[in-house]
Amino acid sequence: MKSELLALLLLVPMLVGCLSFHKGPMPGEPSSARFADIDGVRVRYTDTKEEAGTDEKPAVVLVHGFASALEAWTPVVPALAKTHRVIALDLKGFGWSDRPEGDYSPDTQAHLVMKLLEARGVTKTAVVAHSWGSSVALALSLRAPDRVTKLALYDAWVYEDQLPTFFHWARADGVGEALFGLYYKQRADERIALAFFDRKFVTEQLVEDVEAALERPGTVAAALAAVRGQRFSEMEAQYRKIDKPTLLLWGREDLVTPIRYGERLVKDLPNASLVTYPQCGHFPMIEAMNASNRDLVAFLEKQP
């Protein structure tokens, strides 16, 4: 590994600055996609109010994880829509949203979520998040605690200890550009497989969709910016301030965010509970869809 890093450093002068960001429509953009301009960022979203024509139900916003998009919530939306107004979005840098140059920290993404909710006329909401999106949900709770009613976090990625060496190296100017330029789009199928306990969910279509998403303009630059924004050591001490009712949903066999982090987080959040799903990896909403949907709906409907 040291020799590989040395070789990489020799390439830095040739690779620095080769990653570009992107704003505006992208090739293949769905014709049905809805967008909102949030502080100059074109943000894709869905809102069941627009489909059902009513906003009488309490709101819930769905926040996806790293290298993901709002489609990750496809198994969850129908279950929640029976009792809630469901808003989902592609965070800045992911899905079909813009990939502008700038700050991609959890706090900045939380600000974007809050501004989208304001644009949709939502003042209070439950927040459901997955993986890295959980850091955005926690940042939103810290930024605007009066706006958040409850939190539900799937396999949360919220601790400095969770960051791989690759991410730490990527913080260095030039090195990050080289690492992501060379490796970020490589072996997508292997990385996807790592996220599931049952490999039947790793379909050819899923791999093709992920590989296509990686080719969208600005994706690699935005991913690097998001990694550089993961300064969790600066957030961790504040988790104990978050007293919102919180449900942690965790795949027991998750290799991406092992269960020990759920056991740690349930202690750090003063009003949290943890439920685990056997024979399940990083996506309980897919591998344990029925059980996790049942638990999520029950939690959101439970009165204080």
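Look a little higher up for the structure.
Residues numbered from 1 in each chain as written. Predicted model: local features only at pLDDT ≥ 70, side-chain atom pairs only at ≥ 80, totals over all residues. Heavy atoms only, no water.

### Thoughts on the pattern of salt bridges
Threshold: Salt bridge, as used here: a side-chain nitrogen of Lys or Arg that lies within 4 Å of a carboxyl oxygen of Asp or Glu. Secondary structure elements follow DSSP: runs of H or I no shorter than four residues count as helices, runs of E no shorter than two count as strands, and numbering proceeds from the N terminus. Exposure categories follow from relative accessible area, calculated using a 1.4 Å probe and restricted to protein chains: below 20% of the type maximum is buried, above 50% is exposed, and the middle band is partly exposed.
A complete count under the given rule lists 16 salt bridges for this structure. Put simply, Glu 29 and Arg 42 hold a salt bridge, and the shortest N to O gap is 2.9 Å. Here Glu 29, found in the loop between α1 (2–15) and β1 (34–38), pairs with Arg 42, found in strand β2 (residues 41–47); they are 13 residues apart in sequence, far enough to count as distant. With a relative accessible area of 21%, Arg 42 lands in the partly exposed category.

### Focus: a negative patch on the surface
Test applied: For patch detection, residues must exceed 30% relative accessible area and be free of salt bridges, and they are connected within 9 Å for like charges or within 5 Å for nonpolar side chains (Val, Leu, Ile, Met, Phe, Trp, Tyr). Throughout, the Shrake-Rupley method with a 1.4 Å probe supplies accessible areas, and for residues the shown protein chains are the sole cover considered. Charge counting follows a simple rule: Lys and Arg are positive, Asp and Glu are negative, and His as well as the terminal groups are ignored. To locate a charge, take NZ of a lysine, CZ of an arginine, CG of an aspartate or CD of a glutamate.
A cluster of acidic residues, Asp 189, Glu 190, Glu 204, Glu 208, Asp 209 and Glu 211, forms a negative patch on the protein surface. For the negative patch, the leading source of residues is helix α9 (residues 204–214), giving 4 residues. Mapped onto the fold, Glu 204 is located in helix α9. Looking at Glu 204, the relative accessible area reads 63%, which means it is exposed.

### What about the layout of surface pockets?
Note the threshold: Only protein atoms enter the 1 Å grid used here, on which a cavity is any set of points holding a 1.4 Å probe that cannot leave and a pocket is any open set flanked by protein within 12 Å on both sides along at least five of seven lines; residues with an atom within 4 Å of a point are listed as lining. Grid points are joined across faces, edges and corners, and a volume is the space filled by probe spheres set on the points. Throughout this entry, Asp, Glu, Lys and Arg are counted as charged residues, while Ala, Val, Leu, Ile, Met, Phe, Trp, Tyr, Cys and Pro are counted as nonpolar. The remaining residues, Gly among them, count as polar.
Volume-wise, the second largest pocket comes out at about 330 Å³. In this structure, the second largest pocket is lined by 20 residues; those nearest its centre are Pro 58, Ala 59, His 84, Ala 126 and Thr 149. Secondary-structure elements contributing two or more residues to the lining of the second largest pocket are β5 (125–130), β6 (148–154) and α13 (289–301). Grouping the constituent residues of the lining of the second largest pocket by class yields 7 nonpolar, 6 polar and 7 charged.

### Points about the packing of aromatic side chains
The condition that has to hold: Aromatic contacts are taken between Phe, Tyr and Trp rings whose centres are within 6.5 Å, Trp giving its six-membered ring; a plane angle under 30 degrees counts as stacked, one over 60 as edge-to-face, and the others as tilted. For a Lys NZ or an Arg CZ to count as sitting over a ring, it must be within 6 Å of the ring centre and within 35 degrees of the ring normal.
Summed over the entire model, instances satisfying the criterion amount to 15 aromatic pairs. Through a chain of ring-to-ring contacts, the aromatic side chains of Phe 66, Phe 94, Trp 132, Trp 157, Phe 166, Phe 167, Phe 180 and Tyr 184 assemble into a single cluster. Sitting over the face of the ring of Tyr 104, Lys 92 holds its NZ or CZ atom 4.4 Å from the ring centroid. The lysine or arginine in question, Lys 150, covers the ring of Phe 299, its NZ or CZ lying 5.0 Å from the ring centre.

### So, empty space enclosed by the protein
Enumeration according to the criterion identifies 1 cavity of 30 Å³ or more in this entry. Estimated volume of the largest cavity: approximately 40 Å³. Around the largest cavity, the lining residues are Met 114, Leu 117, Val 122, Thr 123, Lys 124, Thr 125, Leu 140 and Arg 147. Of the residues contributing to the lining of the largest cavity, the split by class is 4 nonpolar, 2 polar and 2 charged.

### Some points on the environment of Asp 295
Our working rule: Counted as a polar contact is a pair of N or O atoms within 3.5 Å, where, for protein atoms, one must be capable of donating a hydrogen and the other of accepting one, and residues adjacent in sequence contribute only when both atoms are in side chains.
Here Asp 295 shows up in helix α13. By relative accessible area, Asp 295 is classed as buried at 18%. For the pair Asp 295 and Ala 88, spaced 207 residues apart in sequence, the C-alpha to C-alpha distance is 19 Å. At 3.3 Å, the side chain of Asp 295 and the side chain of Arg 294 are in polar contact.

### Comments concerning helix α4 (residues 106–119)
Basically, it comes down to this: To estimate how far a helix should extend, the number of its residues minus one is multiplied by 1.5 Å.
Between its terminal C-alpha atoms α4 stretches 20 Å, which fits the 20 Å expected from 14 residues at 1.5 Å a residue. The set of residues buried in α4 consists of Pro 106, Gln 109, Ala 110, Leu 112, Val 113, Met 114, Leu 116 and Leu 117. Directly after α4, the chain includes Gly 121, whose backbone phi takes a positive value near 80 degrees.

### Things to note about the packing of helix α7 (residues 175–183) against helix α10 (residues 219–228)
Rules: Inter-axis angles, ranging from 0 to 180 degrees, are taken between N-to-C directions of lines fitted to C-alpha atoms, where helices are fitted over the stretch in contact. Relative orientations are named as follows: roughly parallel for angles under 35 degrees, roughly antiparallel for angles over 145 degrees, roughly perpendicular for angles from 65 to 115 degrees, and oblique for any other angle. Note on convention: the crossing is left-handed when the near helix lies turned anticlockwise from the far helix by less than a right angle, right-handed when the turn is clockwise. We call two residues in contact when some of their heavy atoms are within 4.5 Å.
Their axes nearest at 10 Å, the elements α7 and α10 cross at an angle of 130 degrees. It follows that α7 is oblique to α10 by the angle criterion. As for how α7 packs across α10, the hand of that crossing is right-handed. Contact residues: Gly 176, Glu 177, Phe 180 and Gly 181 in α7; Val 220, Ala 223, Leu 224, Val 227 and Arg 228 in α10. For the contact of α7 with α10, a count of residues per class yields 5 nonpolar, 2 polar and 2 charged.

### Structural notes on the sheet that holds β5
To be explicit about the condition: Between any two strands, pairing holds if DSSP finds at least two bridges.
What the 8 strands build is an open sheet, ordered β1-β2-β4-β3-β5-β6-β7-β8; its pairing is mixed. The sheet terminates laterally at β1 and β8 (272–277), the two strands that pair on one side only. Each neighbouring strand pair of the sheet contributes to a mean axis angle of 25 degrees, computed without reference to strand direction. Where β1 and β2 come together, 5 bridges link them in antiparallel fashion. Bridge pairing in β2 links Phe 35 to Arg 44.

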